[in-house]
Amino acid sequence: MALLPVLCYPDPRLHKVAKPVAQVDERIQKIVADMAETMYEAPGVGLAATQVDIHECIVVIDVSDDQNELMVFINPEIIWASPEKKSWREGCLSAPDYYDEVERPSEIRVKALDIKGKEFELDADGLLAVCLQHELDHLQGKVFVEYLSILKRSRISQKMKKRAKELESQR
């Protein structure tokens, strides 16, 4: 397994739309393992392949308190969303140290493939529903900060660019 570099907003690669996985094989399973290691190390509760510059429909999530319940979603799609909305304070590994409120459907149903390529459906609410919607947005080339006002997005973008320059100068 290996830690993967996480792209930071406003990197244009975060806006690429991911392609479906044709076959769940050893290559995909290695990507999943590397993504899980990267997510846990960050630490985060979810990671989409787009965030690590892999533009395939793969998401890993673990919303458990002990971070020992890894969930894998390959080619995930939301097949139902409740009309009821809920606002959650979200953060993102691609916009570190920034959190804000985003309103999303409070419940969803997702269809996906698991790590062995077997199709499954899952009903989700609470943090899992928020996390799934957030990560699936990444696969569509959308970062959560794009739900925010233009002014907030601009500030985040400026902070991220400044941070990148500081990190680059430290190397």
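Residues numbered from 1 in each chain as written. Predicted model: local features only at pLDDT ≥ 70, side-chain atom pairs only at ≥ 80, totals over all residues. Heavy atoms only, no water.

Q: So what exactly am I meant to see when it comes to the overall build of the protein chain here?
A: Assigned secondary structure in the protein chain consists of 3 helices and 7 strands. Across the protein chain, helices and strands are ordered from the amino to the carboxyl terminus as α-β-β-β-β-β-β-β-α-α. For a compact globule of 171 residues, the expected C-alpha radius of gyration is about 16 Å, and the protein chain comes in at 16 Å, within 12% of that figure. Along the first, second and third principal axes, the C-alpha set of the protein chain runs to 45 × 40 × 30 Å. Taking all 171 residues of the protein chain together, the buried fraction comes to 43%. Sequence-distant contacts in the protein chain: of pairs separated by 6 or more residues, those separated by 24 or more amount to 65%. Carbon and sulfur atoms make up 50% of the accessible area of the protein chain, which amounts to about 9500 Å² in all. Once the 23 positive and 30 negative side-chain charges of the protein chain are each reduced to a mean point, those two points are 8 Å apart. (Helix = DSSP H or I, 4+ residues; strand = E, 2+ residues; numbered from the N terminus. Rg over C-alpha atoms; globule rule 2.2 N^0.38 Å. Buried < 20%, exposed > 50% of the residue type's maximum accessible area, 1.4 Å probe, protein only. Contact = heavy atoms within 4.5 Å. Areas by Shrake-Rupley, 256 points an atom, 1.4 Å probe, with all protein chains shown as cover. Lys, Arg positive; Asp, Glu negative; His and termini not counted. Charge placed at Lys NZ, Arg CZ, Asp CG, Glu CD.)

Q: In this structure, what is going on with the layout of surface pockets? I would like to understand it.
A: To locate leftover empty space, one rolls a probe as large as a water molecule over the atoms. Its boundaries defined by the atoms lining it, the largest pocket holds a volume of some 430 Å³. If you trace the largest pocket, you find 17 residues lining it, with Val 6, Cys 8, Ala 164, Leu 167 and Arg 171 closest to the centre. With 7 residues, helix 3 (residues 150-170) is the largest single contributor of residues to the lining of the largest pocket. Grouping the constituent residues of the lining of the largest pocket by class yields 10 nonpolar, 1 polar and 6 charged. Of the voids in this model, the second largest pocket is the one considered here, and its volume is about 360 Å³. For the second largest pocket, the lining is made up of 22 residues, of which Val 45, Gly 91, Cys 92, Leu 93 and Tyr 99 are closest to its centre. Within the residue set of the lining of the second largest pocket, elements represented by two or more residues are strand 4 (85-92), strand 5 (95-105) and helix 2 (126-139). The dominant element in the lining of the second largest pocket, judged by the number of residues it contributes, is helix 2, at 6 residues. (1 Å grid on protein atoms, 1.4 Å probe; cavity = no way out; pocket = protein on both sides within 12 Å on 5 of 7 lines; lining within 4 Å. Points joined across faces, edges and corners; volume = space filled by probe spheres on them. Nonpolar A, V, L, I, M, F, W, Y, C, P; charged D, E, K, R; others polar.)

Q: Explanation requested: helix 2 in the structure shown.
A: Residues lying three or four places apart along an α-helix face the same way, a consequence of the helix completing one turn every 3.6 residues. Between its first and last C-alpha, helix 2 extends 21 Å over 14 residues, near the 20 Å set by a 1.5 Å rise per residue. Most of helix 2 is tucked away: 12 of the 14 residues are buried. Of the residues one or two after helix 2, Gly 141 is the one with positive phi, at around 85°. (Expected span 1.5 Å × (residues − 1).)

Q: Is there a simple way to think about the pairing of strand 3 (residues 71-81) in this case?
A: The side chains of a regular strand alternate, first on one face of the sheet and then on the other. As paired elements, strand 2 (residues 58-61) and strand 3 share 4 bridges and run antiparallel to each other. Along strand 3, the bridge assignment pairs Ile 61 with Met 71. Alignment of strand 3 against strand 6 (residues 107-113), held across 5 bridges, turns out to be antiparallel. Within strand 6, the residue paired with Trp 80 across the bridge is Arg 109. (Pairing = 2+ DSSP bridges.)

Q: Honestly, the environment of Asp 114 in this entry has me stumped. Any pointers?
A: Along the chain, the position of Asp 114 falls in the loop between strand 6 and strand 7 (119-125). Between the alpha carbons of Asp 114 and Val 72 there is a distance of 5.7 Å; along the sequence they are 42 residues apart. Filtering out sequence-adjacent residues up to four positions away, Asp 114 remains in contact with Val 24, Val 72, Ile 74 and Phe 120. From its side chain, Asp 114 meets the backbone nitrogen of Lys 116 in a polar contact 2.8 Å long. (Polar contact = N/O pair within 3.5 Å; in protein donor to acceptor, adjacent residues only side chain to side chain.)

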